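What follows is each chain in one-letter form.
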Amino acid sequence: MTALPRAALAMSPRAADAVITPEVRAALGEVTDLSPGVLDDFRTDAARETLADAELLVTGWGCPPLDEDALRHAPRLRAVAHTAGTVRGHITEAAWRRGLAVSSAAAANALPVAEYTVAMILLAGKRVLESAREYGTARARADWLHPDPRLGNYRRTVGILSASLIGRRVIELLRPYDLNVLLHDPYVTEDEAERLGAGLVPLPELFAASDVLSVHTPLLPATRGLVSRPLLAALRDDATLINTARGAVIDQDALTDELRAGRLRAVLDVTEPDDLPPDHPLWECGNALLTPHIAGSQGNELARLADLALGEVRRWAAGEGFAHPVHRDRLEFLA
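Residues numbered from 1 in each chain as written. Predicted model: local features only at pLDDT ≥ 70, side-chain atom pairs only at ≥ 80, totals over all residues. Heavy atoms only, no water.

The name recorded for the protein chain in an unreviewed UniProt entry is Hydroxyacid dehydrogenase, from Streptomyces albiaxialis. As its UniProt record puts it under Sequence similarities (unreviewed entry), the protein chain is described as follows: "Belongs to the D-isomer specific 2-hydroxyacid dehydrogenase family." (UniProt positions renumbered as here; feature names shortened; annotations may be inferred.)

Right, here's the structure in full:
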């Protein structure tokens, strides 16, 4: 009988408690020889003892970097199955040089982010926040037959900035609605955009034409501050900006100025920094909805991440390779 590959969990204890349930741990134990415990510091004697035999790491939020020192103590390590999205925090250049096979659950995490985005697009079109606030103040219904041209989701234009995993899923989920979907992504052809269900346009046109603009650009050196003051100024009056990507993709000072002037609306699940200072003027903008980075997997959605990672481990243990691999040469396009 062939021995099962040695595996270990590497993430924060909180992440392990949330994602690696007893059922998931038991399932991992059916296809690997899973070490007990969770590694959250590769420098301890106990961690190095575990790393010495590990062929596979199942990683998650809070995994330490797999740097030269960690890899030196993991001579048999061949693969990493990540139970979350980005692997940038722990898969280092040294890990890529080692030639590790790397998998990510980014595809599973993309779905709740896309669902959140679509919900916010539709709520923005119905002006739900404003209507709820006005209703609560007046304690009476407004004239719902008033033909306000700013209200509704019929033939609105939604702009998608970047055909990332999440951006593509948003476009897919928007197909049943009577919306015009535009896309800007310099790596997508017109034919590919058409297959996705969106019209490909230049960046300035995307902002000028959109009633709702949703940002799905990964934060890279080239995309920091991409959503600039001139692009924000190009948005139509009363347009809504949605950001579920990274706060630093947007010129936050410029956006704050637009919001304080009352010209735009925004739904921000991310800011720069993520923990916005209590005295930041964004908190005082009634036309901005700030949520605490909740678009990604939450609650029972974490089980989707575990299920994908478990499927990857089963494939790898069977010698089939990962179905959701991460490749070094694609990192510049990924979150």
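All right, on to the sheet that holds strand β10 (residues 240-243) then. Taken in spatial order, the seven strands of this open sheet run β8-β7-β6-β9-β10-β11-β12, and their pairing is parallel. Two strands close off the open sheet at either side, each with one partner strand: β8 (199-200) and β12 (288-290). Pairing of strand β11 (residues 265-268) with β12, which is carried by three bridges, proceeds in the parallel orientation. Bridging across to β12, L268 finds its partner in L290. (Pairing = 2+ DSSP bridges. Helix = DSSP H or I, 4+ residues; strand = E, 2+ residues; numbered from the N terminus.)

Once that is clear, we can look at unusual backbone geometry. In this structure, P273 follows E272 across a cis peptide bond, with omega equal to 0 degrees. Mapped onto the fold, P273 is located in the loop between β11 and β12.

Turning our eyes to something else, we now look at the pattern of salt bridges. Side-chain pairs of opposite charge can arise whenever the charged atoms involved come near each other. Per the stated rule, a full pass over the model turns up 20 salt bridges. D69 serves as the salt-bridge partner of R72, at 2.7 Å between the closest nitrogen and oxygen. With R72 and D69 both in helix α4 (residues 68-72) and three residues apart, the pair spans about one turn of that helix. With a relative accessible area of 56%, R72 lands in the exposed category. Note that D238 and R127 form a salt bridge whose closest N and O atoms lie 2.5 Å from each other. Of this pair, D238 sits in the loop between α11 (229-234) and β10 while R127 sits in the loop between α6 (106-125) and α7 (128-138), and the two are 111 residues apart along the sequence. (Salt bridge = Lys/Arg side-chain N within 4 Å of Asp/Glu carboxyl O. Buried < 20%, exposed > 50% of the residue type's maximum accessible area, 1.4 Å probe, protein only.)

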